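A closer look at the structure
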Amino acid sequence: MMLLLGCVRMTVFPSPAVSPQLIVNSLFTTDSTWKINVSENTGIDNNDFLPDYVSDALVRLWENDSLLGELVYSGNGNYTLDQYPEINKIYRIEVEKNGF
């Protein structure tokens, strides 16, 4: 019979303070309407697997310095606009939320 003994030492590392920031993600193609995801960052000690989705932001989409429109919240941090991206256009996303 073999007996193995070992030592375990638990070390707690202090997690750095995280300043709140918005995270804006979007992949877009010419064959899909606009969908932009907005969430908040979290600290490394957060055990939740889902991001902190933002449902009350103001998301605007610009094309070549012309406002295309405000995107509508559709759930899980997603904002949509029923228009298609075009090739050779320059797009800009503006996101506003209280506290950011």
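Residues numbered from 1 in each chain as written. Predicted model: local features only at pLDDT ≥ 70, side-chain atom pairs only at ≥ 80, totals over all residues. Heavy atoms only, no water.

Right, let's talk about the pattern of salt bridges for a bit. Using the criterion set out here, one finds 7 salt bridges in the structure. Across the salt bridge formed by K89 and E86, the nearest N and O atoms sit 3.9 Å from each other. Looking at K89, the relative accessible area reads 32%, which means it is partly exposed. Classification of E86 as partly exposed rests on a relative accessible area of 43%. A single network of salt bridges, built from pairs that share partners, joins R60, D65, E70, R92, E94 and E96. (Salt bridge = Lys/Arg side-chain N within 4 Å of Asp/Glu carboxyl O. Buried < 20%, exposed > 50% of the residue type's maximum accessible area, 1.4 Å probe, protein only.)

The strand order 5-4-8 describes an open sheet built from 3 strands, whose pairing is antiparallel. The open sheet has two free edges, formed respectively by strand 5 (66-70) and strand 8 (91-96), since each of these has just one partner strand. When strand polarity is set aside, the average angle formed by the axes of neighbouring strands in this sheet is 25°. Where strand 4 (residues 58-63) meets strand 8, 6 bridges bridge the pair, whose relative direction is antiparallel. The residue bridging R60 from the neighbouring strand is E94, located in strand 8. (Pairing = 2+ DSSP bridges. Helix = DSSP H or I, 4+ residues; strand = E, 2+ residues; numbered from the N terminus. Axes fitted to C-alpha atoms, helices over the stretch in contact; angles between N-to-C directions.)

Bringing the packing of aromatic side chains into the picture now. By the definition in use, this model includes 4 aromatic pairs. Between the aromatic rings of F28 and Y91, the centroid separation amounts to 6.1 Å while the plane-to-plane angle is 70°, which identifies the pairing as edge-to-face. Here F28 is found in the loop between strand 1 (22-25) and strand 2 (34-40), whereas its partner Y91 is found in strand 8, with 63 residues between them in sequence. On the accessibility criterion, F28 (42% relative accessible area) is partly exposed. Aromatic rings pair up to connect F28, W34 and Y91 into one cluster. When the ring centre of W62 is taken as origin, the NZ or CZ atom of R92, which lies over that ring, is 4.7 Å away. (Phe/Tyr/Trp six-rings, centres within 6.5 Å; stacked < 30°, edge-to-face > 60°. Lys NZ or Arg CZ within 6 Å of the ring centre and 35° of its normal.)

Another aspect to go through is the side chain of S39. The residue S39 is located in strand 2 in this model. Apart from residues no more than four positions distant in its own chain, S39 is found in contact with Q21, L22, I23, P51, D52, Y53 and V54. (Contact = heavy atoms within 4.5 Å.)

This part is about the nonpolar core. Counting residues in hydrophobic clusters, the biggest one holds 11 residues: W34, I36, V38, V54, A57, V59, L61, L71, Y79, L81 and Y91. Contributing elements (two or more residues each) for this core: strand 2, strand 4 and strand 7 (78-81). If near-sequence neighbours (up to four positions away) are discounted, L61 is found in contact with W34, S66, L67, L68, G69, L71, L81, Y91, R92 and I93. (Core = buried A, V, L, I, M, F, W, Y, C linked by side-chain atoms within 4.5 Å.)

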